[in-house]
Structures are given as structure tokens and as C-alpha cells.
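One letter stands for each residue in the lines below.
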Amino acid sequence: MRNILVTLSLLISFNALADYSDPDSYPECQYADEKVELELVQIEPNRYINDGNQFLYPTQMGPYEVQVFVDANCHEDIASIANAYLVKDNEGNIVLNHDYDVYNLRDVTPSKNFPFFILRRYTGGAHCCYTSHYFSKDKPYRLKETIHSRDIKPIYKDIDQDGEMEMIERDVIFTYWYVSSAASRFIEVIYRADKDGFHVAQDLMHQNMKYPTVQSALHQIRIEIKETKEHVLRYPHLAKNSYVKNQTFHDIGVFTAGFLYAGMEKEGWQFFNQIWAEEDLGITKRVSFRSELEDLITGSRHYQLLLGMDVESSEDHTANMIFQNIIKRFKKYQNSLLTNGSQEE
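Residues numbered from 1 in each chain as written. Predicted model: local features only at pLDDT ≥ 70, side-chain atom pairs only at ≥ 80, totals over all residues. Heavy atoms only, no water.

Trainee: Explanation requested: the sheet that holds strand 10 (residues 116-122) in the structure shown.
Mentor: Backbone-to-backbone hydrogen bonds join strands into a sheet, with any given pair of strands oriented parallel or antiparallel. Across the sheet, which stays open at both edges, the four strands sit in the order 9-10-11-12 with antiparallel pairing between neighbours. This sheet does not close on itself; its edge strands, each paired only once, are strand 9 (106-107) and strand 12 (143-150). Pairing of strand 11 (residues 130-136) with strand 12 involves six bridges; the strand directions are antiparallel. Counterpart to Tyr134 in the pairing with strand 12 is Glu145. (Pairing = 2+ DSSP bridges. Helix = DSSP H or I, 4+ residues; strand = E, 2+ residues; numbered from the N terminus.)

Trainee: Teacher, can you tell me more about the pattern of salt bridges here?
Mentor: Any two side chains of opposite charge can pair, so long as their charged atoms come close to each other. Throughout the structure, instances matching the rule amount to eight salt bridges. A salt bridge links Arg192 to Asp160, with the nearest nitrogen and oxygen atoms 3.9 Å apart. Residue Arg192 is located in strand 15 (residues 187-194), and its partner Asp160 is located in the loop between strand 13 (155-157) and strand 14 (166-171); the two are separated by 32 residues in the primary sequence. Classification of Arg192 as partly exposed rests on a relative accessible area of 30%. (Salt bridge = Lys/Arg side-chain N within 4 Å of Asp/Glu carboxyl O. Buried < 20%, exposed > 50% of the residue type's maximum accessible area, 1.4 Å probe, protein only.)

Trainee: Whenever I open this one, the pairing of strand 8 (residues 94-99) confuses me. Can you help?
Mentor: The side chains of a regular strand alternate, first on one face of the sheet and then on the other. One ladder, built from five bridges, connects strand 7 (residues 83-88) with strand 8; its direction is antiparallel. Note on strand 8: the bridge partner recorded for Tyr85 is His98. A loop of five residues connects strand 7 with strand 8, the two strands running antiparallel in sequence, and Gly92 in this loop sits at a positive phi of about 85 degrees.

Trainee: What is the right way to read the confidence of the model for the chain from this model?
Mentor: Low pLDDT marks stretches whose predicted atomic positions should not be read closely. Looking at the chain, the pLDDT average stands at 79 and 69% of residues meet or exceed 70. The model gives residues 340-345 a pLDDT under 50, and that stretch makes two contacts with residues more than four places away or in other chains. (pLDDT = per-residue confidence, 0-100. Contact = heavy atoms within 4.5 Å.)

Trainee: Quick question: what am I supposed to make of helix 4 (residues 265-278) here?
Mentor: Note on helix geometry: an α-helix contains 3.6 residues per turn, so any two residues three or four positions apart are oriented the same way. Compared with an ideal rise of 1.5 Å per residue, which puts 14 residues at 20 Å, helix 4 spans 20 Å between its outermost C-alpha atoms and is within 8% of the ideal. Along helix 4, the positions that sit buried rather than exposed are Gly268, Trp269, Phe271, Phe272, Ile275 and Trp276. Summarising the axial view, the buried residues of helix 4 lie within an arc of 155 degrees, below the 170-degree limit, and thus occupy one face. Exposed residues lying more than 90 degrees from the buried face of helix 4 are Lys266 and Ala277. (Expected span 1.5 Å × (residues − 1). Arc of directions from axis to C-beta.)

Trainee: What should I look at first to understand the side chain of Asp158 in this one?
Mentor: By the secondary structure assignment, Asp158 is in the loop between strand 13 and strand 14. Of the buried charged residues, Asp158 lacks a salt bridge, with Arg192 as the closest side chain of opposite charge at 8.6 Å. One polar contact links the side chain of Asp158 to the main-chain amide nitrogen of Gly163, over a distance of 2.8 Å. In contact with Asp158, not counting residues within four places along its chain, are Gly163, Glu164, Met165 and Glu166. (Lys, Arg positive; Asp, Glu negative; His and termini not counted. Polar contact = N/O pair within 3.5 Å; in protein donor to acceptor, adjacent residues only side chain to side chain.)

Trainee: Can you help me understand the side chain of Thr228 in this one?
Mentor: You can see Thr228 is positioned in helix 2 (residues 214-234). Owing to a relative accessible area of 8%, Thr228 belongs among the buried residues under this scheme. One polar contact links the side chain of Thr228 to the main-chain carbonyl oxygen of Glu224, over a distance of 2.9 Å.

Trainee: Teacher, can you tell me more about the packing of aromatic side chains here?
Mentor: Describing an aromatic ring pair means giving the distance of the ring centres and the angle of the ring planes. In the structure shown here, the tally under the stated rule is 24 aromatic pairs. Measuring from ring centre to ring centre gives 6.0 Å for Phe259 and Phe271, while their planes differ by 40 degrees; the resulting arrangement is tilted. Placement of Phe259 in helix 3 (residues 243-261) and of Phe271 in helix 4 is noted, with a sequence separation of twelve residues between them. As far as the burial class goes, Phe259 and Phe271 line up, both buried. Ring centres 5.1 Å apart and planes at 40 degrees place the aromatic pair Trp276 and Phe289 in the tilted group. With Trp276 in helix 4 and Phe289 in helix 5 (residues 283-298), this pair connects stretches of sequence that are 13 residues apart. For Trp276, a relative accessible area of 2% puts it in the buried group. Through a chain of ring-to-ring contacts, the aromatic side chains of Phe174, Trp177, Tyr178, Phe249, Trp269, Phe272, Trp276 and Phe289 assemble into a single cluster. Lying across the ring of Phe249, Lys285 places its NZ or CZ 5.1 Å from the centre. (Phe/Tyr/Trp six-rings, centres within 6.5 Å; stacked < 30°, edge-to-face > 60°. Lys NZ or Arg CZ within 6 Å of the ring centre and 35° of its normal.)

And the structure:
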């Protein structure tokens, strides 16, 4: 994230912000970058500039003070708006500062005994993006971890009824894998939380599986494959884009991955081999698809954490995985156009 050169000043009165009630008085705004010096003014929480721009961020989370700043002149221009937020500890030391994304900044700490204070931001826009900052409740007060969750915000729930909240994340690495974003599936990854951080709870993932046996998973995917085929009968144009085959590949892969994430490798590949044979998808393709699926799964940050591996930034890594899926899907689409075109000729 680039850093904006800013001048921060304390806003004594909310009227210090520019008033754009008259459309003719709207200023000529510009994008903020490293070469533009902007005047950012601190605003008060639970106040708004207009009905569409709510600032509901917390001023205090335990020992932490939260401050939000907006562009004094162009705060209502969504296209070029500049803003920032920072968090200070009980001694006034800055433990976090970040440019942009202040409009949906929230304190989402789920309970008093949860080991962290949580400040979450949301960028808005297509497919994106929730980021959660986790701050320690014990001294030394500090930012413990930042987790980028992409499309779906984390859920905090006491799954095993032990009085402690777990965190549920969705692994989005299957987004755009053979299918559109809307048709993509996610895998729930459950983490236990303590003062040292988050730890993948594979036992709870196993316990929380929707289809925990080979037979129950086979029963469900047969229903869904049937529904996919019926959907194409209603919309025949989808057949030209290999809709049924691509959706089936995606669904088989994610169902199989669900077993692998839960530590049920034997059951996962048993399921995989049986449904592949039932759908008669080809021996050669089975080998290459299994290899592709294994590469995708082992590239998942969540799966790497499950294996106890050191991992890179969740934001950079997951974005890269999804981008690779988009490229592969685009290439498949290009090939299908070439194939259909040659057949028509």
C-alpha cells in the first residue's frame, strides 16, 4: 500500500470541512499520490458529512485510541477521496497507521474474553475486501496480526461450546477456478484463538463438515451435477461454453478438498475416484486434474498453515492465486471459442 504525503491537523469544529450543498461550488479534486500534498483533518465518530457517508468507527478499544482523518477539501468525492486512520496504545505510541478505507471501519471484537480487540475495514467494490487488525489485550499493547479475508468477512463463533470463540475463515483460492466468481465455492477453515495468535483447528473442521462421509458427499454431488445439467437444458446457450463439465470439475475439486482440509485424505480420494468414474470424465484427464487440484490446495495459505508451514502475506498470496485462476479460465474460454469456431466452419 502506497503512503500518501499528508498534513494532519486537528478538527476543532465539524464545520471546518468544506460544504458542497450547492452543486456549483463543488471543487476540482485530484487523485492523491506521492507527489500531491493533501490536508487531512481529524473527524469525530458517529458524525456524518452527508447521509451516504457514515463514520461509525470506534474512538477507543480498551487501551487503544482510534483516529480517522479525511481530506478537508474533497471528502465527498468518492473517486478521488483521501483518508487515513491510525491506532495508538495507552502511552500514545502509534501501533498502526493506514491510508484509505475508513468508511466501514468497525470494532468487531466478538466477546469480552476473546484474546484480541478487532478493528475491521471493508473496501467495498466487486469481490473485495475485508481486512481485520488484531490488537493484544495484554501488555505490551501492540498490533498482533493483520488478516486479509478477501470477499467474505470472518465469523466468530463458539463451535465446540467450550466458552471460547473460534474464527471461521473462507478459503477463496477456488474463486474463478473453471467457473465464474458467482459459481465458485469456498472451504470453511476454523481457527482457535489464544493470546499467541490463531491456530488451525482441523478437529473442528472435521466435526463441522456438512458431508462428513464418502456416501453423504457422493449423494449431494450427484444432486448438484443433476441440477447443473437441468440448468443447461433450460439455457441451451451455456452448452457452448462447456458449462456442465467446468462446473462439475469445480464441484468435484472443492468437495475433494473439503476432505483433505479435514485430514481425511483416504476418504477424499475415494470420493474423487468414484464420482470421476460415474461421470466418465476420462482417465488421462483424471491424472492431470488431480495434479492440478493438489497444486492448488498446497498453494493455499490456509492449507499451508494447517501443515505448520511458514507463509507469506495473506493479501498478496491469495490475490496472486485468484489471479492465476482468472488467467487459466480466460485461456480455457479462448480455446473453447477457437474450437467452436472451427467446428462451425
